[in-house]
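If you want the building blocks of each chain, they are given just below.
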Amino acid sequence: MPLCRMENVTKTYHLGNQAVEALRGVSLEIEQGEFVAIIGASGSGKTTLMNIIGCLDVPTSGHYTLAGREVSNLTDDDLSLIRNEHIGFVFQSFYLIHYATVFENVLLPTLYAHRGTDEATKRASGLLELVGLKERAKFKPNQLSGGEQQRVAIARALINDPELVLADEPTGQLDSKTATEIMKILAGMNDEGKTVAIITHDASIASYARRTIRMEDGLIV
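Residues numbered from 1 in each chain as written. Predicted model: local features only at pLDDT ≥ 70, side-chain atom pairs only at ≥ 80, totals over all residues. Heavy atoms only, no water.

*Asks:* Is there a simple way to explain the sheet that holds strand β2 (residues 18–30) in this structure?
*Replies:* Strands pair in a sheet through their backbones, by hydrogen bonds, and they do so in one of two ways: parallel or antiparallel. In space, the 4 strands of this open sheet follow the order β2-β1-β4-β5, with antiparallel pairing throughout. Across the chains shown, the open sheet's two edge strands, defined by having one partner strand only, are β2 and β5 (69–70). The pairing of strand β1 (residues 4–15) with strand β4 (residues 61–66) spans 5 bridges and is antiparallel. From the neighbouring strand, C4 faces β4, where its bridge partner is L66. (Pairing = 2+ DSSP bridges. Helix = DSSP H or I, 4+ residues; strand = E, 2+ residues; numbered from the N terminus.)

See the structure below:
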C-alpha cells in the first residue's frame with residue numbers, strides 16, 4: 001500500500017467572487033521509502049499539493065489517504081494529530097524558536113507525542129550528532145549559520161520518527177555549498193529507508209530525488 005495516495009484531488013480558493021483552481025484533478029502515489037521531488041514554477045500548484053500531502057490543508061474534492069487512512073474530511077484537531085504522528089516538516093524559513101536552545105528546539109514535537117522524557121532526550125542527542133551539531137546543543141538559533149539552523153530543523157523533523165519527511169524549499173535561503181550539504185543529509189536519510197518529499201523550483205535540487213513530479217497550472221504534467 002502506498003504511503004500517500006491522492007485520487008482526483010482538486011483545491012479551489014475563493015477570493016471575493018473569484019474562484020482560483022489551485023489543483024485541478026491530481027492523482028498521485030508516493031511509496032514507502034521513496035525520495036520524490038515536486039517541482040514547478042510559482043503558481044504551478046506545488047505548494048498547495050504539499051499542504052495537502054502534509055495535512056496542512058484538505059482537498060475541495062477527491063480523496064487523500066496517508067498511511068492507509070482517509071484524511072480528506074478530518075477536523076483540524078485530527079489533522080494536527082496525524083501530522084505529529086506521521087510527518088516531519090523542514091521549511092525554507094527554519095521556524096526555530098529563537099529564545100530556546102538548539103536542544104529544546106529539537107525536543108519540541110515530543111511534547112505532543114507522549115514520548116518519555118528519557119527516551120526523547122536520548123533521541124534528540126543522537127539526532128544532533130547525526131546532523132553534526134552535538135557540540136552546539138546549548139546554543140540559541142541566532143548563534144548559528146543558516147545551514148546549521150536548517151540542520152536543527154532536520155533533527156526536529158526526525159525526532160518523532162515520522163514516516164514521511166516533507167521539505168518545502170529546504171535550501172531556499174542557503175548558499176550553494178550549504179545547500180549541497182543539506183541535500184546530502186536528506187538523501188542519506190532516504191538511503192536509511194525514510195520517505196522524503198521535497199518541494200522546489202530548482203532542478204539541481206530536484207536532481208537529488210529518485211523521482212521528479214512536475215507541476216504546471218494545477219496539474220501533474
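*Asks:* Mind showing me how you'd approach the sheet that holds strand β9 (residues 211–216) here?
*Replies:* Here 6 strands make up an open sheet; going across it, the order is β6-β7-β8-β3-β9-β10 and the pairing mixed. The sheet terminates laterally at β6 (87–91) and β10 (219–220), the two strands that pair on one side only. Examined bridge by bridge, β6 and strand β7 (residues 164–168) share 5 bridges and lie parallel to one another. Bridge pairing links F91 to D168 in β7. Against the sheet, helix α6 (residues 176–191) engages β3 (35–39), β7 and β8 (195–200), with an angle of about 150 degrees to β8. (Contact = heavy atoms within 4.5 Å. Axes fitted to C-alpha atoms, helices over the stretch in contact; angles between N-to-C directions.)

*Asks:* Would you mind going over the packing of aromatic side chains with me for this structure?
*Replies:* For any pair of aromatic rings, geometry is given as the distance between the ring centres together with the angle between the planes. Inspection of the entire model under this criterion finds 2 aromatic pairs. Relative to F91, the ring of F89 lies with its centre 5.5 Å away and its plane at 5 degrees, an arrangement referred to as stacked. Looking at F89, the relative accessible area reads 15%, which means it is buried. Ring centres of F91 and Y95 lie 5.3 Å apart, and the angle between their planes is 80 degrees; this geometry places the pair in the edge-to-face category. Given a relative accessible area of 55%, Y95 falls into the exposed group. (Phe/Tyr/Trp six-rings, centres within 6.5 Å; stacked < 30°, edge-to-face > 60°. Buried < 20%, exposed > 50% of the residue type's maximum accessible area, 1.4 Å probe, protein only.)

*Asks:* Explain the pattern of salt bridges to me, please; I cannot follow it from the model alone.
*Replies:* Side chains carrying opposite charge are able to pair once their charged atoms draw close together. One pass over the structure, following the stated rule, counts 9 salt bridges. Note that R211 is salt-bridged to E34, the shortest N-O span being 2.9 Å. With R211 in strand β9 and E34 in the loop between β2 and β3, the pair connects residues that are 177 residues apart, well separated along the chain. Across the pair D161 and R123 runs a salt bridge whose closest N-O atoms are separated by 3.9 Å. Linking D161 in the loop between α5 (146–158) and β7 with R123 in helix α4 (residues 117–130), this pair joins segments that are 38 residues apart in sequence. R123 sits in the partly exposed class, given a relative accessible area of 27%. (Salt bridge = Lys/Arg side-chain N within 4 Å of Asp/Glu carboxyl O.)

Geometric descriptors of this kind do not, in isolation, establish any biological role.
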